[in-house]
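# A look at the structure
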Amino acid sequence: MAVSKALMFAPHSAKFLRATLLSVAIAISFSIAPPSFAADAAPDRSAVGTHGMVVSESEQAAAAGLEILKHGGNAVDAAVATALAVGVTNPASCGIGGGGFMLIYIASDRAFYALDYRETAPLKAHPDMFMQNGKPNPELSQNGVLAVAVPGEIAGIDAALRRFGTMKFQQVATPAIKLADVGFAASPHLAGEIAQMAPKLKDDSGLREVFLKPDGSAPKPGDTIVEKNLAATLKGLGDDPVASFYHGSVAASIAAFMSAHGGLIGTIDLANYRPVWRNPIRRHFEGYDVYTMPPPSSGGVVLEMLGVLESGHLAGLGVDSPPYLARLIEVMRQGFIDRAKYADPSFAGADVARMLSDSHILELRERALHKKSPPAPGAPAHDHGTSNLLVADKDGNVVALTTTINTVFGAKLSVPALGLLLNDEMDDFGIAPGVPNAYHLEGELANQIRPGKRPLSSMAPMIVMKKGRPYMATGGSGGPTIISGVLQVALNILDFHLDPASAVAEPRIHDQAVPIVVIFEEAVAPATRTALEAMGYKLKVVPMLGAVNAITLAPGNLRGAFDPRKGGGAVGY
Ligand code: DON
């Protein structure tokens, strides 16, 4: 294990400023400024293993996953344990009040499985629920009781464990329960998120009690945080967590809380919630087979982008070179324009098979080469309460899991007696046509709110095969920068042959078609930025973009790295 506290970086607290409906020039601004992450020694945030590997955005959660692997659990057991633990140790990013996607490779089946446990809109939700006096009110879709969608996390974890795990829920929940009950040292990332959100956390009795000191100040990195009520809730779920969470006492408490505070989620919404096993999607890329989640994930967008870049001889251009970055920008623009058509496949949305077809990819390549972006449609989007984790076990099974409560600390609302922090995933819907969400993604009809519907997500867990064996896995957090981040880390490994630590540390760029501005991390060399500006690109420089982690897998040689932008742990054995 090689995790250095010194390298657990200052908060990944980038925050997009909300654009107004009629803004012509939309500025994207990111607050907080961790310094030059790329300068750090790669080995300290990476790990090697011969049997198994866990990478998480939380050091304690990675250790929880490793503990399960060492006790004979498989990759699914360990992924679930890590997800539950990171929900405790990084509650600003995820937890049992949220939902996610799990991409699973089972070696004995030589098959992929894609589990969608994304939150759903409650039955009483309607397309205009965030409109007030004819205008959308994003405050309502991001904070407070109406922002909450029906949580899918526990249902997803239970489904994965029952289908592929070898352990019972309480066994995999043990490390998380211990961390919540005894307490854990706040990471620099968490301490920073709490400090930034303290004014909002103060307004919720449960969040104030757990995350703020009695005088209302934020804990410092290393201070102990205890989540007794969450520990009791996890324990109380027993070995049939769905019974309690969706049909029993937890469901009753959530529904009572909702009705007392004017929320929409009732016991029927929880009882109706189901995770969905979907067909994973795949596309070849330069001798590799790339697998990811289908919609409502944005995995297909990354596949499209890879398709357009295929055979582009990128390695010859150089990893940070202006011609390479210019090509990336054009390709990202095309991908994000297509993303606007994505939605929950049960309702509407993209024909992903057509979007990944050679003819469509050729069309996009042509447009990207000649910078022929059609005017980008107004479509929906978001950022900050998300966590990615990766697990590989000794039998060759691999899990890439991304889980979210949407923006940092979700709806900034909790059910205090349960220690349950609620998501604000409703903001991932388009709250009105052309209206940007927290991530400057604009509302499209396909992603309009409907009862029971899942909001479109940018999350994109990915596993890449080479000659029939898992070769790498990746995924990230950071709203739409997940898509561009996963793309660049995948290219860094597959095309530029960087090791995981270097691949995730490389400076990144982001372009989402709307607004027309390319976001550059400040670590990109000034000369490179000047060259891009000379090509006509409008640049916005930010301290950093989203966090992406990665593993490469060769028999007996597993290498993993967490992203210094957010901190975390990579552990192997
Ligand atoms: O599913 C989505 O696209 C968003 N809820 C993700 C938000 C996110 O990544 C926040 N970032 N750290």
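Residues numbered from 1 in each chain as written. Predicted model: local features only at pLDDT ≥ 70, side-chain atom pairs only at ≥ 80, totals over all residues. Heavy atoms only, no water.

## Observations concerning the packing of helix H14 (residues 322-339) against helix H16 (residues 358-369)
- The contact between H14 and H16 brings their axes to 9 Å, and the two run at 130 degrees. One element, H14, and the other, H16, form an angle in the oblique class. Considering how the two elements wind past one another, H14 and H16 form a crossing that is right-handed. Between H14, through Glu330, Val331, Gln334 and Asp338, and H16, the contact on the second element is made entirely by His360, Leu364, Arg367 and Ala368.
- Here the contact of H14 with H16 is built from residues that sort into three nonpolar, two polar and three charged. (Axes fitted to C-alpha atoms, helices over the stretch in contact; angles between N-to-C directions. Helix = DSSP H or I, 4+ residues; strand = E, 2+ residues; numbered from the N terminus. Parallel < 35°, antiparallel > 145°, perpendicular 65-115°, else oblique. Left-handed = near helix turned anticlockwise from the far one by under 90°. Contact = heavy atoms within 4.5 Å. Nonpolar A, V, L, I, M, F, W, Y, C, P; charged D, E, K, R; others polar.)

## A few points about helix H1 (residues 59-70)
- Taking 1.5 Å per residue, 12 residues should reach 16 Å; H1 reaches 17 Å between its end C-alpha atoms and fits that length.
- Burial in H1 covers these residues: Glu59, Ala61, Ala62, Ala64, Gly65, Leu66, Ile68 and Leu69.
- Tucked inside the fold, the buried residues of H1 contact strand S2 (53-56), helix H2 (75-89), helix H5 (169-182), strand S12 (385-392) and strand S23 (569-572).
- Within two residues after H1, Gly72 carries a phi angle of roughly 95 degrees, on the positive side. (Expected span 1.5 Å × (residues − 1). Buried < 20%, exposed > 50% of the residue type's maximum accessible area, 1.4 Å probe, protein only.)

## Some thoughts on the pairing of strand S10 (residues 281-285)
- Burial along S10 is one-sided: Ile281, Arg283 and Phe285 are buried, while Arg282 and His284, pointing the other way, are not.
- Where S10 meets strand S11 (residues 288-292), five bridges bridge the pair, whose relative direction is antiparallel. The residue bridging Arg282 from the neighbouring strand is Tyr291, located in S11. (Pairing = 2+ DSSP bridges.)

## Points about unusual backbone geometry
- Each neighbour pair has its own omega, and for Pro295 with Pro296 the value is 15 degrees, a cis peptide bond.
- Its place among the elements puts Pro296 in the loop between S11 and helix H12 (299-309).
- In this model, Val514 is joined to Pro515 through a cis peptide bond whose omega is -5 degrees.
- A positive phi angle is found at Asn133, which is not glycine, with a value near 50 degrees.
- Inspection of the secondary structure assignment puts Asn133 in the loop between strand S5 (131-132) and strand S6 (135-136).

## Quick notes on the sheet that holds strand S16 (residues 462-466)
- The sheet built from seven strands is open, its strands ordered S1-S22-S21-S17-S16-S11-S10 with antiparallel pairing. Since the sheet does not close on itself, it has two edges, and those belong to strand S1 (46-49) and S10, each with one partner. Ignoring strand direction, the axes of neighbouring strands in this sheet form an average angle of 15 degrees.
- Against the sheet, H12 makes contact with S10, S11 and S16, and its axis sits at roughly 15 degrees relative to S10, the strand it touches most.
- The strands that helix H17 (residues 481-494) touches are S10, S11, S16, strand S17 (469-477) and strand S21 (547-554); relative to S17, the one it contacts most, it runs at about 150 degrees.

## Some remarks on the sheet that holds strand S13 (residues 398-406)
- Across the sheet, seven strands lie side by side as S9-S4-S3-S13-S12-S2-S23; this open sheet has antiparallel pairing. Of all strands in the sheet, those bounded by a partner on one side alone are strand S9 (276-278) and S23. Direction aside, the axes of adjacent strands within the sheet are offset by 10 degrees on average.
- Pairing analysis gives seven bridges linking strand S3 (residues 99-106) to S13, with the strands arranged antiparallel. Looking across to S13, one finds that Tyr105 is bridged to Val398.

## Let's talk about the environment of Leu66
- Here Leu66 is to be found in helix H1.
- Measuring from C-alpha to C-alpha, the distance between Leu66 and Ala81 comes to 9.1 Å, with 15 residues separating the pair along the chain.
- If near-sequence neighbours (up to four positions away) are discounted, Leu66 is found in contact with Val54, Val571, Gly572 and Tyr573.

## Describing the nonpolar core
- In terms of nonpolar packing, the biggest core is built from 88 residues, with Leu84, Met102, Ile194, Leu234, Phe245 and Phe409 touching the most fellow members.
- Among the elements that take part in this core, H2 stands out by supplying 11 residues, more than any other.
- If we ignore the near neighbours within four places in the chain, the residues touching Met102 are Val80, Tyr113, Ala114, Leu115, Tyr117, Gly156, Ala160, Met293, Val399, Ala400 and Leu401.
- In this structure, Phe101, Phe285, Leu309 and Val464 belong to the second largest nonpolar core, which totals 84 residues. (Core = buried A, V, L, I, M, F, W, Y, C linked by side-chain atoms within 4.5 Å.)

## Looking at the environment of Leu364
- Locating Leu364 in the fold gives a position in helix H16.
- Expressed as a C-alpha distance, the spacing of Leu364 and Gly335, which sit 29 residues apart in the sequence, is 8.3 Å.

## Section: the confidence of the model for the chain
- Looking at the chain, the pLDDT average stands at 89 and 90% of residues meet or exceed 70.
- Confidence drops under a pLDDT of 50 for residues 1-43, and excluding neighbours within four residues, the segment shows 126 contacts in the predicted structure.
- Long-range and interchain partners of residues 375-383, a stretch whose pLDDT sits below 50, account for 55 contacts in this model, where long-range means more than four residues apart. (pLDDT = per-residue confidence, 0-100.)

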